[in-house]
Amino acid sequence: MGFETCGPNEVMVVSGCCHSGSTFIPGGRVFVWPVIQKLQKLSLNTMTLQIESPNVYTQLGVAVSVTGIAQVKIQGSSKEMLESACELFLGKTNHDIERVALETLEGHQRAIMGNMTVEEIYKDRKKFSKAVFEVASSDLVNMGICVVSYTLKDIRDDKIEPYQVGNTSTESHGYLKYLGMAQTATVKRDARMGEAEARMEAGIREANAEEKRLAARYSTDIDIAKSQRDFELKKAAYDMEIQTKKAQSDLAYDLQAAKTKQAIKEEDMQVKVIERTQQIQLQEQEITRRERELEATVRKPADAEKYRLEKIAEANRTRVILEAEAEAESIKVKGEAEAFAVEAKAKAEAEQMAKKADAWKDYQDAAMVDMILETLPKIAAEISAPLCQTSKITMVSSGKGDVGAAKLSGEVLTLMEKMPHVVENLTGINITKNIKAATRR
C-alpha cells in the first residue's frame, strides 16, 4: 500500500492503527499503512429506482397500481450520514443498497396511497409526490441515503372483475376508466348545453341584428331621399347663379379682351423701339469687337514676331562671338599644351638616349646580353606557340626515353639550349661568357 486516491463519486474509509475512529475522505487521497490499516471504498453515485406498487387499496377501498421514479444517493457531505451509511452498507454492493432503498420507498409509497383517495392521487399528482418524498426522506436520512427526487410516473387500474347481466357474462371497466367516462359524459353534456344555448343566443342576436339592419336601411333610404331633394333644390339655385355669373363674365371678358389688345399693341411698339435700340448697340459692340480682334490677331502678333526675331538675331550674334572666342582660346590652349608635350617628350627621349649611351659605353656586351635575355622568353613562346594550337599529337616510342608531355617539354628545352650558339653565330656575342663576366663584377 501507499498513497490511495478516489474520484469525486467515491468516499474512502480508513480504519485501524493511528485512528480513534474511521476517517472519511470523499474524493481525495490518503496514505494507508500496510497491514495495520484498512481501506474501504463506498460509491456516491446517484441510483435510479423504479418503485412499483400494484393493486394497493386506497382510502375508499379502490385498488389501483402506481409506478414512481426516485433518484437516491449516499450523502457524502455530511459526516453523520456517512457514518450511518458505512455502518449499514460498507462492504455491500450497489445492488444491495438499491434493494434496501427500493423496499423502503415502496413501503412509504403504499402508505401514502392508503391515506389518499383515487381522485386525489389522479388529480393532484404533485401532492402525492411531495408526500412520498417527505416521508421517505425523513426515513432514509437515518440510513445515510438522500432522496434527490421523486416523481409519480403512472397510475392505473388494472383490475377487471366479471359480472352477470341477464344471461350474458361480461367484465367491468376499471375505476379510473369510469372516472374518465363520467368526466367525459359531463363534458359532452356541458358542451351540448353550451352549444344549444349558443345557438339560441345566436338566433336571438341574428334576429335583433336583422331588425336593426332593416330599420337602419329604411332610415338610410329616407335620409337619401331628403338629401336628393335638398341636392336638386340647391343645384337649381346654383345653376341660376352660375348662369348669371357666366353672362357677367362673358361681358367682362369682351371688355377686358379689348383693353388687353390695346395694351398689347402699345407693348409691341415699345418692344420694337427697344429691339431697334438694342440692334444699334449690338452693331456698335460688333464694330468695337472687330477692332479689338484685328488688333489682337494682326498688330500684336506682328509686334511679337518682330520682337522675337530681333531677340533671336541678337542671341545668334552673341552666340557666334562667344563660340569664336571659345574656339580661339581652345586652339591657343591646345597649341600650348601640344608644344609643352613635345618639348617634354623630346627632353625625356634625349635624356633616355643619353642614359642608354652611357649604359652602352659602360657595359657594352653586358647590355647586349641583357637585351638578348629579355628576348629569349619571347623566342621560347614563339617556338611553343604551334604546340599550343595543336589539338592532337600522335607519338611513337621505341621504349626508351620520355613519352608524352615530358617528351614535348624536353624538345622545347633542347631548342632553348641551342639558342646561345645560334645567337653567337648570328651576332658574335658569347652569352655564356658575358654572363660569367657580369657575375664576377
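Preceding this paragraph is the structure being described.
Owing to the predicted nature of the structure, the values given are computational and were not obtained by experimental measurement.

*Asks:* Help me out: how do you make sense of helix 1 (residues 79-89) in this one?
*Replies:* Spacing of three or four residues puts side chains on the same side of an α-helix, whose turn is 3.6 residues. When helix 1 is considered as a whole, its buried residues turn out to be Met81, Leu82, Ala85, Cys86 and Phe89. For helix 1, the angular spread of buried residues about the axis comes to 135°, placing them on one side. Residues Lys79, Glu80 and Glu87 are exposed on helix 1 and point more than 90 degrees away from its buried face.

*Asks:* How should the sheet that holds strand 8 (residues 145-156) be read in this particular structure?
*Replies:* Pairing between sheet strands relies on hydrogen bonds along the backbone, with the strands arranged either parallel or antiparallel. Pairing within the open sheet is antiparallel, and its three strands lie in the order 6-7-8. Among the strands making up the open sheet, the edge pair consists of strand 6 (47-57) and strand 8. Along the sheet, successive strands turn relative to each other by an average axial angle of 20°, direction set aside. Two strands pair when backbone bridges link them, and strand 6 and strand 7 (residues 63-74) are joined in this way by nine bridges, in the antiparallel orientation.

*Asks:* Help me understand the packing of helix 2 (residues 94-114) against helix 4 (residues 125-140), please; the structure alone is not making it clear to me.
*Replies:* When two helices pack together, their arrangement is given by the angle between the helix axes and by the axis-to-axis distance. At a minimum axis distance of 9 Å, the contact between helix 2 and helix 4 shows a crossing angle of 135°. Our classification of the angle between helix 2 and helix 4 gives oblique. For the element pair helix 2 and helix 4, the recorded crossing hand is right-handed. Residues Ala101, Thr104, Leu105, His108, Gln109, Ile112 and Met113 of helix 2 form the contact with helix 4, whose participating residues are Phe128, Ala131, Val132, Val135, Ala136, Asp139 and Leu140. Class assignment for the residues of the contact of helix 2 with helix 4 results in ten nonpolar, three polar and one charged.

*Asks:* When you look at the nonpolar core in this model, what are you seeing that I'm missing?
*Replies:* Across soluble globular proteins, nonpolar side chains show a tendency to be buried alongside one another. Formed by 36 residues in total, the largest nonpolar core has its most connected members in Val72, Leu105, Phe128 and Ile145. The set of elements that each furnish at least two residues to this core consists of strand 2 (10-16), strand 6, strand 7, helix 1, helix 2, helix 3 (118-123), helix 4 and strand 8. Ignoring sequence-local partners within four residues, the contact set of Leu105 consists of Leu49, Ile51, Ala70, Val72, Ala136 and Leu140.

Rules behind the numbers
Residues numbered from 1 in each chain as written. Predicted model: local features only at pLDDT ≥ 70, side-chain atom pairs only at ≥ 80, totals over all residues. Heavy atoms only, no water. Buried < 20%, exposed > 50% of the residue type's maximum accessible area, 1.4 Å probe, protein only. Helix = DSSP H or I, 4+ residues; strand = E, 2+ residues; numbered from the N terminus. Arc of directions from axis to C-beta. Pairing = 2+ DSSP bridges. Axes fitted to C-alpha atoms, helices over the stretch in contact; angles between N-to-C directions. Parallel < 35°, antiparallel > 145°, perpendicular 65-115°, else oblique. Left-handed = near helix turned anticlockwise from the far one by under 90°. Contact = heavy atoms within 4.5 Å. Nonpolar A, V, L, I, M, F, W, Y, C, P; charged D, E, K, R; others polar. Core = buried A, V, L, I, M, F, W, Y, C linked by side-chain atoms within 4.5 Å.

None of this, on its own, says anything about what the molecule does.
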